[in-house]
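Listed below are the residues making up each chain.
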Amino acid sequence: MLRQAAIISACALILSGCNDQANGGGAGSRSQIKVVGSSTVYPFTTLVAEQFVNKTPGTATPVIESTGTGAGMKLFCAGVGAQHPDIEDASRRMTAGEFRTCSDNGVDRIMEIQIGIDGIAFAESNNGPKLQLSPVDIYLALAANPRGAKNSTKTWKDVNPGLPAIPIQVYGPPSTSGTRDALAELILARGCAAIYPDSLKLKDKNPDAYAAACTRIRDDGPYVDAGENDNLIVQKMASNPNAIGVFGYSYLEENKATINGIPISGVEPTYETIARGSYPGARPLYLYVKKAHLTAIPGLQKFLAEYAASWGPDGPLVKRGLIAAPQAIREASAKIIENGTTLDGSALK
């Protein structure tokens, strides 16, 4: 009884003043792990959740929402307590601004765990035109103001005379998505820099002007915001063979019977090219975890341990489409889980 009372007391301190939102308003912490964030990381977290439930009889099934990285960060950073998520799935690193928002709201002990690597895949239907693109082609096709003027290109041939005269139709993630952020930073920014070598200086001096010139995506039709449902993008490509889809590599891997990866600068999006960093759209994937919730939410520590046991080169997450991180990164991430190491935020941008 004393031990039970101590646990209840700890929960009350850690999740100060919170009622159990998941169980109808009773006192104490939630019985379920709650995760929000990236649609790219979503299938990996759901797989880990399935394994966790199967290995832990009687445990409540985690609640996992695909909100997009940006929207998930807002929910994650809103506070500590049962009404707030425990974990944020992220397809990009947390920003300095998000870290400050978390801190301002009392979320001051955050664990940053890299779970693996992903690639921003450009794909087309197996019946598509077999495009081969470069970051410059993509920048000129999708940027709002390429070369400083409003984008008026309609076909891929308008972008590059060597490409076919078919309409530019790209289905991709919304502005709340980490995949959209990575598309801008990894591909559009690279294309912009190839045309404007001084663009990185502009980024430091005037971030708004840099965004307008290099990374803002056009909103006049050729780029279609398909929401956070990456499977919907795959369906759109099936109905329009000339369309291109943009999503995480795992969705390309899962649907390779019907779609093909589009080479970027001659490099196809494959496990090997993303793992060694030769594919231009390679990026790390993360979990962000509230350390304050570790002892208050039942099974949260075991859930993270299950993640660490699953992200190796021969693990189930790789079979689902994750690219395993190098061994040193996997070991460092496992240590963060084991020791509860938190992020100091000084290196965030």
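Conventions and cut-offs
- Residues numbered from 1 in each chain as written.
- Predicted model: local features only at pLDDT ≥ 70, side-chain atom pairs only at ≥ 80, totals over all residues.
- Heavy atoms only, no water.
- Phe/Tyr/Trp six-rings, centres within 6.5 Å; stacked < 30°, edge-to-face > 60°.
- Helix = DSSP H or I, 4+ residues; strand = E, 2+ residues; numbered from the N terminus.
- Core = buried A, V, L, I, M, F, W, Y, C linked by side-chain atoms within 4.5 Å.
- Buried < 20%, exposed > 50% of the residue type's maximum accessible area, 1.4 Å probe, protein only.
- Contact = heavy atoms within 4.5 Å.
- pLDDT = per-residue confidence, 0-100.
- Arc of directions from axis to C-beta.
- Salt bridge = Lys/Arg side-chain N within 4 Å of Asp/Glu carboxyl O.
- Axes fitted to C-alpha atoms, helices over the stretch in contact; angles between N-to-C directions.
- Parallel < 35°, antiparallel > 145°, perpendicular 65-115°, else oblique.
- Nonpolar A, V, L, I, M, F, W, Y, C, P; charged D, E, K, R; others polar.
- Disulfide = S-S within 2.5 Å.

### What about the packing of aromatic side chains?
Inference 1: By the definition in use, this model includes four aromatic pairs.
Inference 2: With centroids separated by 6.4 Å and ring planes inclined at 50°, the aromatic side chains of F247 and Y251 adopt a geometry described as tilted.
Inference 3: Each ring, one from F303 and one from Y307, has its centre 6.1 Å from the other, and the planes form 80°; the classification is edge-to-face. Taken together, the residues F303 and Y307, both in helix 13 (residues 300–308) and four residues apart, mark about one turn of the helix.

### Here's the deal with the nonpolar core
Inference 1: Among the nonpolar cores identified, the biggest contains 49 residues, and F122, L133, W156 and F247 are the most heavily contacted of them.
Inference 2: The element contributing the most residues to this core is helix 7 (residues 178–195), with six residues.
Inference 3: Dropping the residues within four chain positions of it, F122 is found in contact with I138, L183, I187, I244, G245, V246, N260, G261, I262, I264, P269 and Y279.
Inference 4: Core analysis: the next-biggest nonpolar cluster, separate from the first, contains 27 residues, F44, A49, I115 and I337 among them.

### Overview of the confidence of the model for the protein chain
Inference 1: Chain-level pLDDT for the protein chain is 89 on average; 92% of the residues reach the 70-or-more range.
Inference 2: When the criterion is pLDDT under 50, residues 1–28 qualifies, and its contacts beyond four places in sequence or with other chains add up to 34 contacts.

### Focus: helix 13
Inference 1: Of all the positions in helix 13, only L300, F303, L304, E306 and Y307 are classed as buried. Viewed end-on, helix 13 has its buried residues packed into an arc of 155°, placing them on one side of the element.
Inference 2: Buried residues in helix 13 make contact with helix 2 (42–55), strand 3 (87–90), strand 4 (110–125), strand 9 (282–290), helix 14 (316–320) and helix 15 (327–339).

### A short note on the environment of P197
Inference 1: By the element assignment, P197 lies in the loop between helix 7 and helix 8 (199–205).
Inference 2: According to the relative accessible area criterion, P197 is exposed, its value standing at 66%.

### Digging into the pattern of salt bridges
Inference 1: Summed over all chains, the structure comprises 11 salt bridges.
Inference 2: In this structure, the salt-bridge partner of D181 is R92, at a minimum N-O distance of 2.6 Å. Of this pair, D181 sits in helix 7 while R92 sits in the loop between strand 3 and helix 4 (96–104), placing them 89 residues apart in sequence.
Inference 3: Assessed through its relative accessible area of 26%, D181 is described here as partly exposed.
Inference 4: For R283, the salt bridge goes to D118, with nearest N and O atoms at 2.8 Å. Taken as a pair, R283 in strand 9 and D118 in strand 4 lie far apart in primary sequence, 165 residues in all.

### A few points about the packing of helix 5 (residues 135–142) against helix 7
Inference 1: It is at 7 Å that the axes of helix 5 and helix 7 come closest, and there the two elements cross at 100°. Classed by the angle they form, the pair helix 5 and helix 7 counts as roughly perpendicular. In contact with P135, V136, I138, Y139, L140 and L142 of helix 5, helix 7 contributes I187, L188, R190, G191, C192, A194 and I195.
Inference 2: Of the residues contributing to the contact of helix 5 with helix 7, the split by class is 11 nonpolar, one polar and one charged.

### A look at helix 9 (residues 207–215)
Inference 1: Among all positions of helix 9, only Y210, C214 and T215 are buried. All buried residues of helix 9 fall inside an arc of 65° around its axis, so they share one side.
Inference 2: Close packing links the buried residues of helix 9 with helix 5, helix 7 and helix 8.

### Some details on the environment of T258
Inference 1: Its place among the elements puts T258 in the loop between helix 11 (249–254) and strand 8 (259–261).
Inference 2: Exposure remark for T258: the relative accessible area of 45% places this residue in the partly exposed category.
Inference 3: If sequence neighbours within four positions are ignored, T258 has contacts with S125, N126 and V234.

### Considering the state of the cysteines
Inference 1: The tally for this structure, following the rule as stated, stands at two disulfides.
Inference 2: Note on cysteine connectivity: C77 is disulfide-linked to C102, with sulfurs 2.0 Å apart. In this structure, the disulfide formed by C77 and C102 twists by about -70° around the S-S bond and is classed as left-handed. Taken together, the positions of C77 in the loop between helix 3 (69–76) and strand 3 and C102 in helix 4 put the pair 25 residues apart, joining distant regions of the chain.
Inference 3: A sulfur-sulfur separation of 2.0 Å characterises the disulfide bridge that pairs C192 with C214. In this pair, C192 sits in helix 7 while C214 sits in helix 9, placing the two residues 22 residues apart along the sequence.
Inference 4: You can call C192 buried: its relative accessible area is 0%.
Inference 5: For the protein chain, the disulfide bridges join cysteines in the arrangement 1-2, 3-4, where the cysteines are counted in sequence order.

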